[in-house]
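Close look at the chain arrangement
Single-letter residue listing:
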Amino acid sequence: MVKTLVVLILLFDGTILHERIDFTSPINVTNCWALGESYREIFSTHSWGDQNGAPDFRFDGRKQGWYLNDGRGTIQGIYCD
């Protein structure tokens, strides 16, 4: 049985990609999920957003997310198929 890890990527131009990684060796859903977490940690960097300093100390969470290290966009999610 072939399992596929699907990584949902939102490019900065608004395009959504479904990057598919097939595994031919036996793999269960739990292992697939762990591989997805590893993929995210290796190929992207997390940002908490913008924290402004004094005098207002506002936090802008709109830039929070997992940004791909190659600069294409952000990871929006992963799932196993």
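Here's what I pulled together on the structure shown here. (Residues numbered from 1 in each chain as written. Predicted model: local features only at pLDDT ≥ 70, side-chain atom pairs only at ≥ 80, totals over all residues. Heavy atoms only, no water.)

1. Focus: the sheet that holds strand β2 (residues 16-23)
The five strands are arranged β2-β1-β7-β6-β3 in an open sheet whose pairing can be described as antiparallel. The open sheet terminates on both sides in strands that have one partner only, identified here as β2 and β3 (44-47). Here the strands of the sheet are splayed against their neighbours by 40° on average, with no regard to which way each runs. Where strand β1 (residues 3-11) meets strand β7 (residues 73-80), seven bridges bridge the pair, whose relative direction is antiparallel. The partner of I9 across the bridge, within β7, is I75. (Pairing = 2+ DSSP bridges. Helix = DSSP H or I, 4+ residues; strand = E, 2+ residues; numbered from the N terminus. Axes fitted to C-alpha atoms, helices over the stretch in contact; angles between N-to-C directions.)

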